[in-house]
Structures are given as structure tokens and as C-alpha cells.
Amino acid sequence: MIANLDHLQVTLYENLSRDEAHAEIRKTLAKKLGYEPEILRTEKGKPYVKDNPLYFSVSHSQNKTVLAVSDAPVGIDMEIFPSGKSYAHIARHLSERERSETQTERDFYTHWTVKEAYIKMLGSTLAEMYRDLEYVGGNLLYKGENVGGQRYQQATDKGVLSIYMPYRGI
């Protein structure tokens, strides 16, 4: 477990297939809820627990899966280095101001994971928001306006992890 606060629990699962990781996620949610949850998806693909105000978000990168569980909307995204992905083709989705701040793979994924975490928190899709969502100078902007909310981010030489949720103490 990475963090366990009153309103946010973050758990990292390593060296598991996606199916194995999803089984562990179900166990974690069942332990938190006290019963085996029915996990459904919104029409845009965001998973949620049926008939329960528990929020969670999942991200996969290489052989790692990370789960954020909260009593408020939450989004999480993670990228492990080297990603093995060419980010050049994705970088075209960044604004000119964002591209000026992204000189390395770490810079790029620092920007990208914040945006992904925010989009996951909202339950939206990248396709719907990427043109209007911008992370510049440490601020997340939608159509030029600061979106508010709280961001937690950890960037190391091994990867980047970003969590986004409404304002409250993390």
C-alpha cells in the first residue's frame, strides 16, 4: 500500500497479469466495503461500485497496477519508465505551451498523467477533453480556466504517478 489516509487509499500491485490485478482490486474493495462488490462501468468506461458512494480509479503500466479508493471522486494515472512507448505521436495532443515544458519523457508523462487523472476523476474521455485541457506551469486548465481540485504527484527516475480529486486534505 502506498498511502492509507482517512479518505484516500492507494495500493500498488506488482508482477500480476491484468486479470490477477483485477482480482486483487476486487478483494481490496470487498475488504473496504465488507461485501463482494458488483463493479459496473459507465457508458464512457469508468468503473464504479453499484449502489455505493465509494469511488475508485485504476491505472496500469508495464507489470504494475495502481488503485486509488476514496469517499470522493478520484482519478489516478501512472506511467513507468522506460515506457517502451513513443510519446512523440501523443505529444501532438499537447498545447504549444505544454510542449515547451516537456523536454524529456519524464516531463511529458508528468503533464500527461495529471491530465489523465483529472479526466478519470470526472469519468470523461481523453477524446472529449484533450483539446481544451492543458497542464501549464503546474496548473491544470480547462478552456483556459483553472479547474480547481487537488493534485498529488510523484515523479522519479522510475516513473510518474498522479492522483486528482476535489479539494480536501490529502
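In case you missed it, the structure is sitting above this.
Everything quoted here is computed from the prediction, not taken from an experiment.

What counts and what doesn't
Residues numbered from 1 in each chain as written. Predicted model: local features only at pLDDT ≥ 70, side-chain atom pairs only at ≥ 80, totals over all residues. Heavy atoms only, no water. Pairing = 2+ DSSP bridges. Helix = DSSP H or I, 4+ residues; strand = E, 2+ residues; numbered from the N terminus. Axes fitted to C-alpha atoms, helices over the stretch in contact; angles between N-to-C directions. Contact = heavy atoms within 4.5 Å. Phe/Tyr/Trp six-rings, centres within 6.5 Å; stacked < 30°, edge-to-face > 60°. Buried < 20%, exposed > 50% of the residue type's maximum accessible area, 1.4 Å probe, protein only.

Regarding the sheet that holds strand S7 (residues 75-80)
Line of reasoning, step 1. Judged by pairing direction, the sheet is antiparallel, and its three strands sit side by side in the order S7-S12-S11 without closing on themselves. Two strands bound the open sheet, and with one partner strand each, they are S7 and strand S11 (150-155). If you compare each strand with its neighbour and ignore which way they point, the axes differ by 5° on average.
Line of reasoning, step 2. For S11 and strand S12 (residues 159-165), the ladder comprises six bridges, and the chain directions are antiparallel. The residue of S12 that forms the bridge with Arg 151 is Tyr 164.
Line of reasoning, step 3. Contacts between helix H4 (residues 105-122) and the sheet are confined to S7, S11 and S12, with S12 contributing the most and set at about 30° to the helix.

Some words on the packing of aromatic side chains
Line of reasoning, step 1. A full pass over the atoms with the stated rule returns four aromatic pairs.
Line of reasoning, step 2. On the basis of an interplanar angle of 40° and a centroid distance of 6.3 Å, the ring pair of Phe 81 and Tyr 109 is categorised as tilted. In this pair, Phe 81 is assigned in the loop between S7 and helix H2 (88-91) and Tyr 109 in helix H4, connecting sequence segments 28 residues apart. For the pair formed by Phe 81 and Tyr 109, the shared burial category is buried.
Line of reasoning, step 3. Each ring, one from Phe 108 and one from Tyr 109, has its centre 4.8 Å from the other, and the planes form 80°; the classification is edge-to-face. An identical accessibility class is assigned to Phe 108 and Tyr 109; each is buried.

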